[in-house]
Structure formats: C-alpha cells, structure tokens
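Fold and geometry: a report
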Protein chains: 2
Amino acid sequence: AEGLQKVVKRYKVLVKEKTGGEFPDDPRDQLRRSIMAVLSSWNNDRAIKYRRINRIEGLRGTAVNVQAMVFGNSGSNSSTGVCFTRNCENGVKEIYGDYLINAQGEDVVAGIRTPKHIGELEAEMPKNYKEIAKFLADLEKHYRDMQDIEFTVEDGKTFILQTRTGKRTPRAAVVIAVEMVEEGLITKEEAIKRVSPAQIDILLHPTFDPKAPRKPIAKGIPASPGAVVGEVVFSAEDAEKRVQEDAKVILVRKETSPEDIGGMNVAEGILTAVGGKASHAALVARGMGKCCVVGCGEIAIDYAAAQFTANGTVVKAGDVISVDGTSGEVMVGALPTIEEQNIAQYDILMGWVDELRTMKVRTNADTPEDAEIARKKFGAEGIGLCRTEHMFFGEEKIAPMREMILADDTAAREVALAKLLPIQRKDFEGIFTAMNGYPVTVRLLDPPLHEFLPHDEKSQRELAAEIGMDAKAIADKVASLHEMNPMLGHRGCRLGITYPEIIRMQARAIMEAACNVKAKGVDVLPEIMVPLIGTLAEFSITRAIIVDVCTKVIEEKKQPLDYLVGTMIEIPRAALIADQIAKEAQFFSFGTNDMTQMTFGYSRDDIGSFLPHYVAEGILKVDPFQTLDVDGVGQLVRMGTERGRGVRSDLKIGICGEHGGDPDSVKFCYSIGMDYVSCSPYRVPVAKLAVTQAALESPRG
Amino acid sequence: AEGLQKVVKRYKVLVKEKTGGEFPDDPRDQLRRSIMAVLSSWNNDRAIKYRRINRIEGLRGTAVNVQAMVFGNSGSNSSTGVCFTRNCENGVKEIYGDYLINAQGEDVVAGIRTPKHIGELEAEMPKNYKEIAKFLADLEKHYRDMQDIEFTVEDGKTFILQTRTGKRTPRAAVVIAVEMVEEGLITKEEAIKRVSPAQIDILLHPTFDPKAPRKPIAKGIPASPGAVVGEVVFSAEDAEKRVQEDAKVILVRKETSPEDIGGMNVAEGILTAVGGKASHAALVARGMGKCCVVGCGEIAIDYAAAQFTANGTVVKAGDVISVDGTSGEVMVGALPTIEEQNIAQYDILMGWVDELRTMKVRTNADTPEDAEIARKKFGAEGIGLCRTEHMFFGEEKIAPMREMILADDTAAREVALAKLLPIQRKDFEGIFTAMNGYPVTVRLLDPPLHEFLPHDEKSQRELAAEIGMDAKAIADKVASLHEMNPMLGHRGCRLGITYPEIIRMQARAIMEAACNVKAKGVDVLPEIMVPLIGTLAEFSITRAIIVDVCTKVIEEKKQPLDYLVGTMIEIPRAALIADQIAKEAQFFSFGTNDMTQMTFGYSRDDIGSFLPHYVAEGILKVDPFQTLDVDGVGQLVRMGTERGRGVRSDLKIGICGEHGGDPDSVKFCYSIGMDYVSCSPYRVPVAKLAVTQAALESPRG
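Residues numbered from 1 in each chain as written. Chains lettered and ligands numbered in written order. Predicted model: local features only at pLDDT ≥ 70, side-chain atom pairs only at ≥ 80, totals over all residues. Heavy atoms only, no water.

Bringing the overall build of chain A into the picture now. Looking only at helices and strands, one finds 28 helices and 26 strands in chain A. Dimensions of chain A, computed from the C-alpha atoms along their principal axes, are close to 100 × 60 × 50 Å. With 701 residues in all, chain A has 53% of them scored as buried. For chain A, the share of sequence-separated contacts (at least 6 apart) that also reach a separation of at least 24 residues comes to 66%. (Helix = DSSP H or I, 4+ residues; strand = E, 2+ residues; numbered from the N terminus. Buried < 20%, exposed > 50% of the residue type's maximum accessible area, 1.4 Å probe, protein only. Contact = heavy atoms within 4.5 Å.)

Listed below in structure tokens is the structure:
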C-alpha cells in the first residue's frame with residue numbers, strides 16, 4: 001500500500017508536468033476523465049487523418065466499456081493466463097497456452113517471469129483448470145471457431161476476461177478448419193472461408209524457422225515468397241559459374257533484364273535494389289516459384305567493388321545471406337529454414353475447393369516443365385499465358401533470334417526465323433502434351449527487339465566474333481533500336497505488323513505442334529493471342545495472317561483442328577473500343593500489368609522512387625501492381641468485358657496479369673463474370689481458394 | 001484519218017497484249033465494255049481496301065455518265081481551255097486561265113504546246129469569249145462560289161464541259177471569301193466556312209516561292225510550318241556559337257532534349273531524324289512558332305563526322321539547306337522565300353470570327369515575351385498552359401535548379417529553391433502583366449528531375465567544377481535518377497509529393513507575383529494547375545500545400561486576390577475518376593498529349609519506328625498526336641468532362657495539349673462543351689477559326 005502511494009504520487013507529478021492540471025482524487029472524476037479521454041481520441045489528428053485516408057465517413061464517434069477489475073495477483077490462490085482452445089501452431093485439438101500464479105495479465109506477456117504451460121495448471125489448481133476447460137469447450141462450440149481466451153483466478157474464483165477468435169499459423173488454420181468439418185462443427189463452405197489465400201501461399205513455400213533470431217540488415221518489397229540462403233553474386237554470369245561449382249547463390253542486382261534469365265534460373269533467390277512487384281525480377285521469379293525481394297532501396301550496390309552496403313553493413317560477393325520472400329527481409333548469414341509442409345488436411349481442403357469451385361484457374365507457363373508442374377502438382381486447368389519470348393533465351397536459342405533481329409531484309413530474317421521454327425515447335429509440343437485436354441493460350445512475340453541484343457561493348461564484341469559480323473554494325477543496330485520509353489515503344493503486335501514474317505513463323509510453329517501432338521492422340525486446344533492491340537485494324541491484319549498460316553498447316557498436315565484467335569486487352573484504348581475488337585476476336589485476356597502501367601502512368605521499373613511512399617502515406621491503399629485497382633483500372637476491365645460480351649455473348653474472357661494470383665483481384669474478376677484467371681504455377685492453389693471464396697460470398701448470376 | 005487508223009491499230013495490239021482479247025470494232029460493244037470497266041472498278045483490290053480502311057459501308061456501287069464528245073481540235077475555228085471565275089492565286093476578281101486554239105483539253109494540261117492567257121481569247125474569238133464570260137458570271141452566281149470551268153469551242157460553238165468549285169491559294173481563299181460578302185453574294189457565316197484553318201496557318205508563316213524549282217533530298221514529318229534557310233549545325237552549342245557570329249543556322253539532331261532549348265531558340269529551324277508531331281522538338285518549335293521537321297528517317301546523322309547523309313547526298317556542318325515546315329521537305333541550298341503576307345481581308349475575316357465566336361481561345365506561353373505576342377498579335381484570351389520548367393533553362397536559371405536537384409536534404413534544397421523564387425516571380429509578373437484581365441493557368445513543375453542535369457561526362461565535369469562538387473557525385477545522382485521509362489516515372493505531382501518544398505516555392509512565386517502586379521493595378525486571374533494527377537489523394541495533398549502558401553502570401557502582402565486551384569487531366573485514370581477529383585478541383589485542363597501516349601501506349605519519342613507505317617497503311621486514319629483520337633482518347637475526354645461537371649456544374653474545362661490548335665480536335669472539344677482551347681501563339685487564329693466553324697456547323701446548347 002505504501003508502494004502504491006509512492007506510485008500515485010509520482011504519477012500525479014507526471015500528470016502535472018504533461019497537462020498542467022491536477023490529477024483528480026475523486027474516483028468518479030477519474031472515471032469521467034478517463035472516459036472523456038477515450039471519447040475525444042476520436043478527434044485527434046492521427047484518427048482524423050486515418051479516417052480521411054480510408055474514407056471512413058458517417059460515424060458519430062467511438063465507444064467505451066467500463067468494467068470492474070479482478071486481481072490475479074491477490075496471493076498464491078490466484079493466477080492469470082492466456083490460452084487457445086486448440087494448438088495455434090499445428091492445429092492439434094488440445095488446450096494450449098501459458099499462465100502464472102499470483103500475477104496479472106501484463107506479467108504473462110512482459111517476459112519478466114517465465115510463464116508455465118497451461119497443462120501444469122491441472123495439478124496446481126485442478127478445480128479451476130476443470131472450469132476453464134469447460135468454458136473453453138463451451139466458447140469454441142458457441143463461436144464455432146478456435147478461441148483465444150484470457151482468464152484470471154482471484155482467490156480461487158475463475159473469471160474469463162475475454163474471448164476472441166484465435167490467430168493461428170497457416171498450418172493450424174488448415175488443420176483446424178478441416179477437423180472442425182469432420183467434427184460436424186462447421187460446413188465445408190465455412191472451412192473454405194476460414195483459410196486465407198495468403199496462408200495457402202505461405203504453406204506452399206519454405207519459411208525460416210520463426211524461432212530462430214533474425215537481425216535484418218535491410219527490408220525490401222516481398223515479391224515472391226520463400227526463404228533462401230546462399231552466397232551473394234552480382235551478375236547472372238557469376239551465378240551460373242558458381243552454381244556449376246556447386247555453390248548456392250543469391251543473385252543481387254540493381255534491377256534485372258531478360259539477359260539475366262539464365263542466372264535467375266540457377267539462383268536460389270533474387271534481390272534487387274529497385275523495381276516493384278511488377279518489375280522484371282518479380283515477374284520472372286514468381287513464374288519460377290523462386291524467392292524474390294525487390295525494390296530494396298536500403299542496399300547500395302557497387303558492382304565495381306563487388307559489394308553492397310546496407311545500413312552500414314558491407315556484404316561482399318561470396319558472403320552468405322538469407323532472404324525472406326514473405327517479409328522482404330535480408331539477413332547476413334544462414335538462417336535455419338523449414339521446408340514446404342505436407343499436410344493431409346491441405347489435400348482434403350483443396351479437394352473441397354475444387355468440388356465447390358465454379359470459375360476456372362489456369363496458369364502462366366512458358367516451358368513444358370512449368371506446364372507439367374502446374375498441371376500435375378497444382379491442377380491448373382490450362383495455360384492462360386504462354387510467353388513465347390522466354391523460349392528465345394538460353395544458350396542455343398538466342399543465337400538465331402539475334403540473327404533474325406540483325407538481319408537487313410525480309411529474306412535474311414526469314415532464314416533466321418526458319419531456324420527458330422523447330423525450336424518453338426518443340427516447346428509447343430511439350431506444352432500441349434502436358435496440357436492434354438486443357439486450353440493453351442500462346443501469346444505472340446511481345447517485347448521490343450532490343451531486349452534480345454547485348455547492350456555492353458564487351459558482349460557486343462563477343463557476339464560479333466561469334467556470328468562473324470562487324471561489332472560496329474551490332475552497336476549501330478542496338479543504337480537504332482534504342483527507345484526513350486521502351487514500355488510504350490515498338491513491341492507487341494506492332495512488331496508483327498512491321499515484320500509479318502515473325503507472326504507467320506510463330507503461327508506455323510504453334511499449328512504444326514498442335515497437329516503433330518493431335519496425331520499422337522493428345523486433345524489439343526490452342527488459343528493464339530495477339531499482344532498490345534490498340535486498334536481493330538491491328539487485330540484484323542494480324543488475325544488474317546494467322547488464319548492464313550493455320551489453314552495452310554492444317555491442310556498440309558491433313559489434321560483438322562479447332563483453334564481460337566483472340567487478343568490481350570492491356571492498352572487502355574483496347575478496353576474503350578472492346579466492342580469493335582470483339583467483332584473479330586474470339587477471346588479476351590486482360591493484361592492488367594501493362595494496363596495498370598498505362599492507366600496510372602506508372603512504369604513498373606521506375607516506381608521505386610515514389611510508390612513505397614505513396615503506399616506508406618495512404619495515397620494508394622495498396623500497390624496497384626499487386627492488387628487490381630478496382631476504382632480506376634477496374635473500370636476499364638469491366639468496360640472491356642461488358643462491351644466485348646455486348647457484341648459477342650460467348651466471348652471467352654480471362655486475366656493473365658500478375659493480378660490473376662492475387663486474392664482480392666481474383667474476387668473482382670469473378671464478380672464481373674470472367675471465365676477464368678491465370679497465374680504463375682505456385683499461385684494456382686491460392687487463386688483456386690480465392691475464386692471459391694468469392695463464389696461463396698456472392699454467387700453470381 | 002490515216003493517222004487515226006494508225007493509232008487505232010497500235011491500240012488494238014496493246015489491248016491484245018494486255019488482255020489477251022480483241023479490241024471490239026462495234027461502237028456499242030466498245031461503249032458497253034467501257035461502262036462495265038468503270039462499274040467493275042468498284043470491286044478491284046484497291047477500292048475494296050480503301051472502303052475497308054475508311055469504313056465506307058452500305059453503298060451499292062459506282063455510277064457512269066455517258067456523254068457525247070465535242071472537239072476543240074476540229075480546226076482554227078475551235079479551241080479549248082480551263083479558267084477560273086476569279087484569280088485563284090491572289091483572289092482578284094478577273095477571269096483567269098489558259099486556252100489553246102485547235103486543241104483538246106489534254107493538250108492544255110500536257111505542256112506540249114504553251115497555252116495562251118485567257119485574256120487573249122477576247123481578241124481571237126470575241127463572240128465565244130463573251131459567251132464564256134457570261135457563263136462564268138452565271139455559274140459563279142448560281143453556285144455562289146468561285147468556279148473552275150472547262151470549255152471547248154467546236155467550229156465556233158461554245159460548250160461548257162465542266163464546272164466545279166475552284167481550288168485556290170490560302171491568300172485567294174481569304175480575299176474571295178471577304179469580297180463575296182462585300183458583294184452581297186454570301187453571308188459572313190459562309191465566308192468563315194469557306195476558309196480552312198489550315199489555310200490560315202499557312203498564311204501566318206513564310207513559305208518558299210512555289211515557282212522556285214525544288215529537289216528535296218529527304219522528307220520528314222512537318223511539325224511546325226514555315227520555310228527557312230540556314231547552315232547546318234549538329235549541336236545546340238554550335239547553334240549558339242554560329243548565331244553569335246551572325247550566321248543563320250538550322251539545328252539538325254537525331255532528337256532534341258530540354259538541354260537543347262538555347263540552341264533551338266536561336267536556330268531558324270529544326271530538323272530531327274526521329275520523333276513525331278508530339279516529340280520534344282515538335283512541341284518546343286511550335287511553341288516558338290519556329291519551322292520544324294521531325295522524324296525524317298531518311299537522314300542518317302553522323303555526329304562524329306559532323307555530317308548527315310540523305311538518300312546518297314552528304315551534307316556537312318556549315319552547308320546551307322532549306323527546310324519546309326509545311327511539306328516536311330529538305331532541300332540543299334537556299335530556296336527563295338515569300339514572307340508572311342499582310343492582307344487587309346484577313347483582318348476583316350478574323351474580325352467576323354471574333355464577332356461570331358462563342359468559345360474562348362487561350363494560348364500556351366511560358367515567357368512574358370510569348371504572352372505579349374499571343375495577346376497583342378493574335379488576341380489570345382488568356383494563358384491555358386504556362387509550363388514553369390521552361391523557365392529553368394537558360395544560362396543563369398539552370399544553376400540553382402541543378403543545385404536544388406543535387407541537394408542531399410530538404411534544408412539544402414530549400415536554400416537552392418530560395419534562389420529560384422525571385423526568378424520565377426519575375427517571369428510570372430511579366431506574364432500576368434501581359435495578360436492583364438485574362439486568366440493565366442500556371443502548371444507546377446512537371447518533367448523528371450534528370451532532364452535538368454547534364455548526361456555526358458564532359459558536361460558533368462564542367463558542372464562539377466562550376467559548383468564545386470565532386471564529378472562522381474553528380475554522375476551518381478544522374479545514375480540514381482535514371483529511369484527506364486521516364487514518361488511514366490517520377491514527375492508531375494509525384495515530384496511535389498516527394499519534395500513539397502518545390503510546390504511551396506512555386507506557389508509562393510505565383511502568388512507574390514500576382515499580389516505585386518495587382519498592387520500596380522493589373523487585373524490578375526491566376527489559376528494554379530497540378531500536373532499528372534492520378535488519384536484524389538495526390539490532388540488533396542498538393543492543393544492543401546498550395547492553399548496554405550497562397551493564404552499566407554495574401555496575408556503578408558495584404559492584397560486580397562481570387563485564384564483557382566485545378567488539375568491537368570492527362571492520366572487515363574484521372575478521367576475515369578474525374579467525379580472524385582472534381583470534388584476538390586476548380587478546373588480541369590485536358591493534357592491530351594500525355595493522355596494519347598498512355599491511352600494508346602505510344603511513346604511520342606519512339607513512334608517513328610511504326611507510326612508513319614500505321615498512318616500510311618490506314619491502320620490509323622490520322623496521327624493521334626496531331627488530331628485527337630475521338631474513338632478512344634476522346635471517350636476519356638468526354639467521360640472526364642461529364643463526370644467532372646456531374647459533381648461541379650461550373651467546373652471550368654479546357655484543353656492544353658497540342659490538339660488545342662488542331663481544327664478537327666478543337667471541333668470535338670467544342671462539341672463536348674469545353675470552355676476553352678489553348679494552343680501555341682501562332683495557332684491562336686487557326687483555333688479561333690476552327691471553333692467558330694464548329695459553332696456554325698452545330699450550335700450547342
């Protein structure tokens with residue numbers, strides 16, 4: 001009591017200093033003032049700003065609960081604790097938690113005294129333990145979910161202070177949801193709603209042991225989940241070299257470009273200093289299911305010195321680091337990892353998802369291997385985006401591609417294209433076979449041609465020597481193809497209109513492959529997709545060339561075959577004139593990455609300088625490259641869908657941007673009536689869960 | 001007759017060779033086949049393609065007129081000629097044309113015999129001349145426009161073969177239109193409709209003497225009209241140096257950048273190898289009213305050798321060339337020019353235009369001088385776009401700007417900004433004074449910061465020495481500001497949100513200038529415009545800073561003053577959420593250059609590789625950077641206007657892109673209810689005529 005007096009005295013001085021007023025002695029006054037303090041917190045600057053940014057309107061204020069206190073620290077016959085109705089780490093059905101004898105709730109969490117496991121309470125306070133166990137069982141049954149409960153025993157009497165739905169690990173979420181269905185406590189539909197797509201995503205990737213201490217030296221944007229350890233390399237070349245020497249590497253770059261694909265492919269993970277969730281590094285890494293952190297502005301790379309500095313820590317090439325693709329953190333040294341978990345309940349849950357799902361989920365895959373994984377491991381229902389340009393990277397394939405680009409005239413280009421034809425055909429055969437019975441959407445060549453040429457003098461000299469061409473001529477070609485804003489340049493269908501021989505080669509490769517595998521009994525459903533359409537004329541011209549080639553191949557091969565010709569809707573103008581385009585296009589696939597870039601005027605490669613600030617300040621609620629901007633870009637997607645279906649009611653519509661794997665975006669796609677979403681292989685289960693949840697929340701039509 | 005037989009025989013052989021068939025002897029058969037040939041021309045490839053591209057539908061075919069022939073070559077009592085009811089070159093009311101005795105129409109135009117001036121016919125065939133003169137007068141009176149007539153006299157009898165409205169020079173168009181009003185033949189409204197905006201544009205610029213022979217060595221995209229002669233220079237630096245030595249120069253560049261402004265300003269004209277009508281060179285040149293040809297892909301510039309090659313002709317630095325900004329042609333040597341013409345009738349016509357006009361026309365001007373010219377010479381009714389960044393180029397102004405960009409923290413930036421404040425204020429004072437009584441829209445800083453820094457090593461070293469900074473630090477800063485797609489990067493309001501001190505300085509400079517000139521009795525109407533808005537939050541934040549500064553300045557100066565704060569609508573998303581933005585913005589100004597770039601996904605700097613092909617092939621009917629794309633971009637402009645006015649009915653709306661000076665675009669702006677258009681000074685009369693014609697064609701409201 002004397003101690004308490006002392007505390008009260010000190011507190012009164014503090015109050016005097018801070019507010020200039022006296023601390024009231026009257027308990028009623030104390031209570032009144034406390035209530036007023038809570039009520040008026042509604043109008044402090046932070047709260048007002050929060051409501052403005054989040055557009056929370058029409059509320060009249062906050063509320064205050066006033067409650068009598070109980071004391072767990074009133075002697076050895078008292079205790080206090082926190083516990084869960086099931087194990088929140090692994091989902092096992094058991095009481096799980098901590099308690100302390102003669103203590104208040106604060107003491108349990110503050111870490112001054114080490115709390116005991118709840119199981120020991122059974123021996124120490126058997127009557128209370130029994131009461132608590134009963135309360136727990138009743139509360140879980142009542143709320144039909146795992147509960148997180150605070151209790152206090154005051155002089156032998158049990159009080160439940162609070163109950164709420166308990167937080168749990170992804171693993172526990174899946175186990176609990178499935179077991180509760182088996183116990184008859186909830187329905188399958190409820191179980192599906194209880195697991196978040198983000199939890200599924202984490203389950204599919206390795207994580208660092210949460211118990212291992214971690215001291216991040218920098219934090220970037222988590223672009224592709226996972227937990228990886230490896231030695232630092234600063235170039236794709238070094239990555240490939242070190243991996244051949246059996247090292248595990250993490251590729252650290254300012255930014256990546258298509259030239260780095262080889263190195264990215266062999267690296268454990270990728271870390272970049274600039275770029276956002278839709279940067280080249282992020283896109284490619286997600287496609288590969290590879291851990292990736294981008295836009296890590298806290299690291300300053302010095303390529304010349306082969307080192308980077310992060311908040312004072314210098315990391316040299318060869319040093320080992322750990323990268324967390326879920327949190328975006330970078331640590332020095334090797335953290336212990338927990339590998340991907342095999343949980344029986346996961347398979348059961350995903351079975352229910354497939355059972356109740358009404359919207360298709362396809363995958364983005366560019367190789368037979370990826371197609372195989374997506375189909376076999378994740379149950380993708382076709383390919384929504386097969387990017388043909390990725391087929392041209394890699395040792396043997398890039399040479400004829402470069403020859404084609406460096407060619408001076410159509411004849412020389414056709415010679416080089418003839419070499420590319422069998423390479424593409426072979427890849428398509430593999431992909432079609434892997435997707436037996438499911439549609440495959442192949443996109444024609446999209447990136448600007450300069451992406452395939454080396455940009456530094458040394459590589460240009462090497463290439464010149466290799467193909468027996470003048471280095472100056474290569475440098476001149478690179479210079480002539482240089483663009484101020486390549487994102488808005490000579491690419492997509494614009495390439496095919498300038499060089500129709502490229503379209504002819506690609507259409508032939510697709511159709512020959514389709515005929516070949518069909519002859520072997522594969523059920524092949526090719527969909528040929530034209531990128532970057534902005535006018536109907538572009539589509540008409542390209543489509544005419546494709547149909548002409550396909551008709552010829554089908555005749556040559558004597559193999560009747562149905563195929564579709566459609567287009568990406570990624571340029572804002574394409575959405576605006578979707579009614580015109582749908583007259584000729586048999587399907588639409590929304591390319592919401594590029595559409596987001598153009599609708600916002602954001603370059604995905606350059607947003608590092610302002611987007612993190614925008615998101616932090618609430619100017620943007622979310623990164624629009626991660627979650628589709630329903631307010632703006634969404635208007636165009638909806639418009640494109642409605643106008644397209646307005647003239648062609650059976651128009652097949654999907655989405656193939658990165659948003660196809662984002663739960664919120666996928667729900668929007670479902671709500672406007674798309675036929676399918678397409679995402680990288682490792683996100684297929686995530687998307688499946690999200691579209692099923694969307695359907696459960698508001699079944700359409 | 002023997003000669004005729006010979007011709008017929010040769011013709012029959014020719015027909016046999018070409019068609020494999022016999023030429024028919026039966027005149028009925030000849031006639032029938034001729035008719036069929038014309039009718040079936042409706043379905044030849046060229047005609048079908050033409051109709052497809054131009055979307056001409058629903059027609060059933062073409063028609064054929066069959067007429068008896070008369071022979072002007074049946075002896076010396078016969079003649080044939082072509083004449084106009086007024087002089088088609090200068091508009092004087094006189095019969096104007098040529099004829100030949102004993103000849104057919106073909107002989108007059110073929111140039112084998114030199115035709116005589118029509119006046120001489122009065123002496124040679126007085127009766128026929130009198131008849132022809134009577135026909136001419138009657139036909140002009142009937143059709144109420146100048147006629148272009150073909151006549152033939154056969155054996156003394158006069159026949160009029162054809163009459164049609166006569167083509168005329170811009171000068172003649174103005175003179176004839178005004179004189180016909182004075183003669184009571186047509187109304188003022190009709191006179192206004194008779195002169196095309198393009199003709200007014202040509203009248204306002206010097207032209208090459210059409211009689212001088214010209215041998216173009218290359219042809220580019222005509223970006224800014226005029227006709228200039230000067231010696232070739234390949235850098236802005238050389239331009240300034242040679243002009244100081246009293247030379248007249250033409251700046252030839254692959255492309256221009258803001259660093260070239262000084263050189264562009266002193267050059268007679270500008271010629272670039274790449275870029276379109278909305279490229280930097282084109283925009284700046286039009287703003288300066290300076291002749292400019294862009295995207296001239298036929299010239300290959302070798303900076304190192306200080307020469308360019310055009311279709312085999314080598315032109316070295318110092319060689320004199322002539323550049324035609326109206327046709328896009330480039331000639332070697334000095335062609336004779338005809339200076340801008342002063343025509344009394346032009347002033348009368350523009351007086352009528354102002355009298356009947358219902359939509360305002362403002363100008364884009366960045367300096368007091370331009371503002372003065374636009375107001376005094378062309379009668380601009382305010383400034384629709386004052387780009388503040390142009391104020392930072394030029395000897396003394398760029399130094400503190402660079403200091404600001406290179407500053408490491410806010411404090412250092414503010415020191416540099418304090419130096420920029422008086423510079424901006426002085427410019428604004430000049431502009432406000434020139435626009436006494438008319439609104440001035442000032443746009444806050446728009447381009448990415450790297451545009452203000454030197455990019456080559458040499459200039460960086462010079463700058464380092466000048467400001468006493470490490471050259472490496474400057475190079476690092478330039479590298480850190482580098483963007484993959486600067487068009488979609490850290491610019492516009494995004495800069496102001498990251499560096500609010502820039503907005504504060506600019507708002508202060510604007511408001512101090514406004515208060516200062518108001519104190520001197522100037523009627524000042526400032527409109528502060530935020531560029532590149534894509535979200536409401538961006539506008540709210542920027543507006544709050546502006547209003548805060550302006551309120552303070554008004555208090556400090558004790559000078560009450562009304563001003564508006566509004567925004568550019570140039571990002572597609574801004575048009576889509578215009579209803580949100582209009583809640584806080586007091587005016588919209590459509591920046592249709594950038595909106596065209598983003599809606600089409602075209603970089604104005606890179607379209608040279610495909611846009612000319614697109615226009616030539618009819619994939620695009622017009623260059624969308626020249627004439628607003630009503631089908632696509634126009635939807636966003638209309639949407640932005642309707643949604644904006646939906647929440648703020650008195651929202652002031654204008655357009656300040658280059659389209660503001662394009663007649664067809666201006667008509668669209670009128671039709672959707674904009675308050676004004678804004679264009680470069682030299683296009684103000686063109687825009688005035690166009691909006692008046694639009695109002696006459698379909699009065700609104």
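Looking now at helix H17 (residues 457-467) of chain A. The α-helix advances 3.6 residues per turn, and as a result positions three or four apart in sequence lie on the same side. All names here are of chain A. Of all the residues in H17, the buried ones are Gln460, Leu463 and Ala464. Buried residues in H17, looked at end-on, bunch into an arc of 105°, giving them a common side. Across H17 from its buried face, at more than 90 degrees, point the exposed residues Ala465 and Glu466. A positive phi of about 65° marks Gly468, the residue just after H17. (Arc of directions from axis to C-beta.)

This part is about the relation of the copies chain A and chain B. Note on the identical chains: chain A maps onto chain B by a rotation of 180° and an axial translation of 0.1 Å, with an RMSD of 0.2 Å. Given the turn and translation reported, the copies of this chain are related as if by a two-fold rotation axis. Residue Asn485 of chain A, judged by its C-alpha, is the member of chain A lying nearest the rotation axis, at 2.2 Å. When the interface residues of chain A are mapped onto chain B, 100% of them are again interface residues, pointing to one common binding face. (Least-squares fit on C-alpha atoms with pLDDT ≥ 70 in both.)

When you line up the elements, Asp260 of chain B lands in the loop between strand S10 (249-253) and helix H11 (261-266). If sequence neighbours within four positions are ignored, Asp260 of chain B has contacts with Ala236, Arg253 and Glu255 of chain B.

What follows is about the pairing of strand S11 (residues 269-272) of chain B. Residues and elements named next belong to chain B. Residues Gly269 and Leu271 point to one face of S11 and Ile270 and Thr272 to the other, with burial holding for every one of them. Pairing of S10 with S11 involves four bridges; the strand directions are parallel. Following the sheet pairing, Ile250 is matched in S11 by Gly269. A crossover links S10 with its parallel partner S11, the connecting element being H11, and its sense is right-handed. Across three bridges, the pairing between S11 and strand S12 (residues 291-294) is parallel. Each bridged residue has a counterpart across the sheet, and for Leu271 the counterpart in S12 is Val293. What joins S11 to S12 is helix H12 (residues 280-288), and the crossover it makes is right-handed. (Pairing = 2+ DSSP bridges. Right-handed = clockwise from strand over helix to strand, strands pointing away.)

Turning our attention to the interface of chain A and chain B. Much of the literature gives interface size as the accessible area that the parts lose upon coming together. Taken together, the 47 residues of chain A in the interface contact 48 residues of chain B. A combined buried area of about 4300 Å² lies between chain A and chain B, and 56% of that area is made up of carbon and sulfur atoms. Counting across the interface, chain A meets chain B through two salt bridges. The residue Asp629 of chain A makes a salt bridge to Arg573 of chain B at a minimum N-O spacing of 2.6 Å. The tally of links from chain A across to chain B stands at 24 residue pairs in polar contact (both at pLDDT 80 or more). (Buried area = accessible area lost by both parts, 1.4 Å probe. Salt bridge = Lys/Arg side-chain N within 4 Å of Asp/Glu carboxyl O. Polar contact = N/O pair within 3.5 Å; in protein donor to acceptor, adjacent residues only side chain to side chain.)

On to the environment of Ala507 of chain B. Residue and element names in this part refer to chain B. Mapped onto the fold, Ala507 is located in helix H20 (residues 500-519). Here the alpha-carbon distance between Ala507 and Leu525, two residues 18 residues apart in the chain, equals 14 Å. Once you skip the residues sitting within four places of it in the chain, Ala507 turns out to touch Ile546, Val549 and Cys550.

With that settled, the discussion passes to the pairing of S12 of chain B. All names here are of chain B. Covered by surrounding structure in S12 are Cys291 and Val293 together with Cys292 and Val294, the residues of both alternating faces. One ladder, built from three bridges, connects strand S8 (residues 221-224) with S12; its direction is antiparallel. Paired with Ser224 across the two strands is Cys292, which belongs to S12.

Another point: the confidence of the model for chain A. Looking at chain A as a whole, its pLDDT mean stands at 91, while 98% of the residues score no less than 70. Complex prediction metrics read pTM 0.84 and ipTM 0.84. (pLDDT = per-residue confidence, 0-100.)

Two strands in a sheet stick together by hydrogen bonds in their backbones, pointing the same way (parallel) or opposite ways (antiparallel). Residues and elements named next belong to chain A. One open sheet holds the three strands; their spatial order is S13-S14-S15, and the pairing between them is antiparallel. Taken across any chain shown, the strands that pair with only one partner, and hence form the sheet edges, are strand S13 (299-302) and strand S15 (313-316). The mean angle between the axes of side-by-side strands here comes to 20°, regardless of whether they run parallel or antiparallel. As paired elements, S13 and strand S14 (residues 307-310) share four bridges and run antiparallel to each other. When the bridges of S14 are listed, Ala300 appears paired with Thr309. (Axes fitted to C-alpha atoms, helices over the stretch in contact; angles between N-to-C directions.)

Residue and element names in this part refer to chain B. Here eight strands make up an open sheet; going across it, the order is S7-S17-S16-S9-S10-S11-S12-S8 and the pairing mixed. The sheet is open, and its two borders are formed by strand S7 (216-219) and S8, each paired with just one other strand. Neighbour to neighbour, the strand axes of the sheet diverge by 30° on average, direction disregarded. Two strands pair when backbone bridges link them, and S7 and strand S17 (residues 329-332) are joined in this way by three bridges, in the antiparallel orientation. Looking at S17, one finds that Ala218 is bridged to Val330.

The subject of this paragraph is the packing of helix H16 (residues 410-434) of chain B against H20 of chain B. Residues and elements named next belong to chain B. Two elements in contact, H16 and H20, have axes whose closest approach is 8 Å; the angle formed by their N-to-C orientations is 30°. Classified by chirality, the crossing of H20 by H16 is right-handed. Grouping the amino acids of the contact of H16 with H20 by side-chain chemistry returns 12 nonpolar, five polar and eight charged. (Left-handed = near helix turned anticlockwise from the far one by under 90°. Nonpolar A, V, L, I, M, F, W, Y, C, P; charged D, E, K, R; others polar.)

What follows is about unusual backbone geometry. Backbone geometry places Lys558 of chain A, a non-glycine residue, at a positive phi of 50°. Structurally, Lys558 of chain A is set in the loop between helix H21 (536-557) and strand S23 (564-569). Residues other than glycine seldom take positive phi values, yet Asn311 of chain B does so here, at roughly 45°. Locating Asn311 of chain B in the fold gives a position in the loop between strand S14 (307-310) and strand S15 (313-316). Note on Asn311 of chain B: relative accessible area 59%, which makes it exposed.

Another point: the packing of aromatic side chains. For the structure on display, the rule yields 16 aromatic pairs over all chains. With 6.3 Å between their ring centres and 80° between their planes, Phe234 of chain A and Phe308 of chain A make a pair best called edge-to-face. With Phe234 of chain A in the loop between strand S9 (227-233) and helix H10 (236-244) and Phe308 of chain A in strand S14, this residue pair connects regions lying 74 residues apart in the sequence. Comparing Phe234 of chain A with Phe308 of chain A shows no difference in burial state: the two are buried. Look at Tyr602 of chain B and Phe610 of chain B: their rings are 5.3 Å apart centre to centre, the planes differ by 65°, and that puts the pair in the edge-to-face class. Following the ring pairs from residue to residue traces out a cluster consisting of Phe600, Tyr602, Phe610 and Tyr614 of chain A. A cation over an aromatic ring shows up here: Arg362 of chain A above the ring of Tyr676 of chain A, its NZ or CZ 3.8 Å from the ring centre. (Phe/Tyr/Trp six-rings, centres within 6.5 Å; stacked < 30°, edge-to-face > 60°. Lys NZ or Arg CZ within 6 Å of the ring centre and 35° of its normal.)

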